[in-house]
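So you can see what is in the structure, the chains are spelled out below.
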Amino acid sequence: MSNQYTIAGISGGLSQNSMSRKFLNEVSKALGEQASLTEITYGDIPIYNQDIEFPTPEAVARFRNELKQYDAMVIVMPEYNLSIPGGLKNLLDWLSRPVNAGDPKPILDYPVLVLSLSAGISGGMVPQESLRSVLAYLGANVMPQPRASFGGVYGMLDEHGQLQLNEASKGFLNASATAFIDYIAKFK
Ligand SMILES: Cc1cc2nc3c(=O)[nH]c(=O)nc-3n(C[C@H](O)[C@H](O)[C@H](O)COP(=O)(O)O)c2cc1C
């Protein structure tokens with residue numbers, strides 16, 4: 001079946017030429033016709049502060065509303081100082097808060113695929129574990145296996161700045177994308 005699911009893509013890097021976004025595009029290709037992936041941006045969301053929580057800032061409301069339109073989420077996260085990038089953690093802090101007191105958390109039960117990358121050799125496995133832990137705490141359904149992380153990412157760019165995955169990286173990415181389709185089906 002083509003475009004069985006709609007998936008929200010979250011880039012852990014906010015820059016225009018973000019490596020995370022380049023990887024999101026690869027996830028989109030790997031999903032092929034089984035799902036459509038659309039990036040939701042969040043660079044305009046303010047730093048969480050209880051004093052500005054209500055009324056909900058427009059950018060937060062916009063993000064939460066967009067998220068409702070999708071079946072699942074893919075997060076591609078870069079390693080920043082052995083940790084989760086601040087912008088992404090801030091987004092999760094906002095998503096941990098109900099729209100109205102007593103409401104369920106916005107990403108409760110949401111199926112999520114997590115991938116990580118880094119300039120160094122680690123591939124961001126340490127922050128990937130932290131991110132999984134935060135998402136689990138928020139009640140999201142994070143796909144436990146297979147896991148993929150990509151180290152030395154700048155070595156994967158060609159002379160035009162395009163990402164050229166080698167066969168091994170492509171294999172890990174395809175395995176994650178294929179497994180994620182089956183994983184989403186469990187919650188439908
Ligand atoms: C603030 C900052 C901290 C970083 N910390 C690490 C690090 O601890 N280990 C590492 O391998 N790479 C580190 N990097 C490199 C990033 O992982 C790499 O540049 C990645 O491709 C950035 O993804 P993005 O373009 O989506 O932001 C850091 C980069 C930045 C900007």
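Heads up: the structure comes first, above all this text.
This text gives an overview of the structure that appears in the document. All of these numbers come straight from a predicted model, not from anything done at the bench. (Residues numbered from 1 in each chain as written. Predicted model: local features only at pLDDT ≥ 70, side-chain atom pairs only at ≥ 80, totals over all residues.)

### A closer look at the nonpolar core
Thinking step 1. Ranked by internal contacts, the top residues of the largest apolar core, which has 42 residues, are Val-27, Met-73, Val-74, Ile-75, Val-76 and Val-112.
Thinking step 2. Ignoring sequence-local partners within four residues, the contact set of Val-76 consists of Ser-11, Gly-12, Ser-20, Phe-23, Leu-24, Val-27, Leu-115 and Leu-117. (Core = buried A, V, L, I, M, F, W, Y, C linked by C-beta atoms within 7 Å. Buried ≥ 20, exposed ≤ 12 C-beta atoms within 10 Å, placed from the backbone. Contact = placed C-beta atoms within 7 Å.)

### As for helix α3 (residues 86–95)
Since the α-helix packs 3.6 residues into each turn, any two residues three or four apart lie on the same face.
Thinking step 1. For α3, the set of buried residues is Leu-88, Leu-91, Trp-94 and Leu-95. Projection of α3 onto a plane perpendicular to its axis shows the buried side chains occupying an angular sector of 115°, all on one side.
Thinking step 2. At its buried positions, α3 is contacted by α2 (58–67) and β3 (72–78). (Helix = DSSP H or I, 4+ residues; strand = E, 2+ residues; numbered from the N terminus. Arc of directions from axis to C-beta.)

### Topic: the environment of Glu-79
Thinking step 1. By the element assignment, Glu-79 lies in the loop between β3 and α3.
Thinking step 2. For Glu-79 and Gly-123, which are 44 residues apart along the polypeptide, the C-alpha to C-alpha distance reads 7.5 Å.
Thinking step 3. Leaving out residues up to four positions away in the same chain, Glu-79 has contacts with Ser-116, Ser-118, Ser-122, Gly-124 and Pro-127.

### Here's the deal with the environment of Ser-176
Thinking step 1. Mapped onto the elements of the fold, Ser-176 is located in helix α5 (residues 167–185).
Thinking step 2. The sequence separation of Ser-176 and Met-143 amounts to 33 residues, and the corresponding C-alpha distance is 9.1 Å.
Thinking step 3. Contact partners of Ser-176, with chain neighbours within four places excluded, come to Leu-113, Leu-115, Pro-146 and Ala-148.

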